[in-house]
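Structural overview for review
The primary structure of each chain is shown beneath.
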Amino acid sequence: MWSAPAEIDKRAAAIDSASARRRFALGCLRAAPVQPGTIRVLGGAGVVAAVLAVALVWAAAIEDAGVRTEAVGLVLVLTACALVEHHRGCL
């Protein structure tokens, strides 16, 4: 589980008023999405989702029901394999 660095914990603990705490929290929420690591993770997930959507639309457009079922199954199996390898840290 992720925990905030000690410096952020000390700064947050030093804030007394509720409105100041809200401003601090909103500032943290605004800063988090522009971090390079966050952009890389969200961008990678977006690319994977887009490729999966295109592959499924392409596979669904196949007229032969048997071939269509196999194509959709293949896309889903390849996606599952990629997710397993990604969570293992191999990719």
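Residues numbered from 1 in each chain as written. Predicted model: local features only at pLDDT ≥ 70, side-chain atom pairs only at ≥ 80, totals over all residues. Heavy atoms only, no water.

1. Description of the overall build of the chain
- For the chain, the count of helices and strands is four helices and zero strands.
- Every one of the 91 residues in the chain was classed for burial, and the buried ones make up 9%.
- Summed over all atoms, the accessible surface of the chain reaches about 7,400 Å², with 70% contributed by carbon and sulfur. (Helix = DSSP H or I, 4+ residues; strand = E, 2+ residues; numbered from the N terminus. Buried < 20%, exposed > 50% of the residue type's maximum accessible area, 1.4 Å probe, protein only. Areas by Shrake-Rupley, 256 points an atom, 1.4 Å probe, with all protein chains shown as cover.)

2. Some words on the confidence of the model for the chain
- Taken residue by residue, the chain gives an average pLDDT of 80. The fraction at 70 or more is 85%.
- Ranking the elements of the chain by mean pLDDT puts helix α1 (residues 6-13) last, at 68, and helix α4 (residues 65-88) first, at 85. (pLDDT = per-residue confidence, 0-100.)

3. Notes on the environment of V72
- Note that V72 resides in helix α4.
- Classification of V72 as partly exposed rests on a relative accessible area of 25%.
- On a C-alpha basis, the gap between V72 and A55 in space is 8.1 Å, while along the polypeptide they are 17 residues apart.
- Those residues within four positions of V72 in sequence are excluded, and the remaining contacts are L56 and A59. (Contact = heavy atoms within 4.5 Å.)

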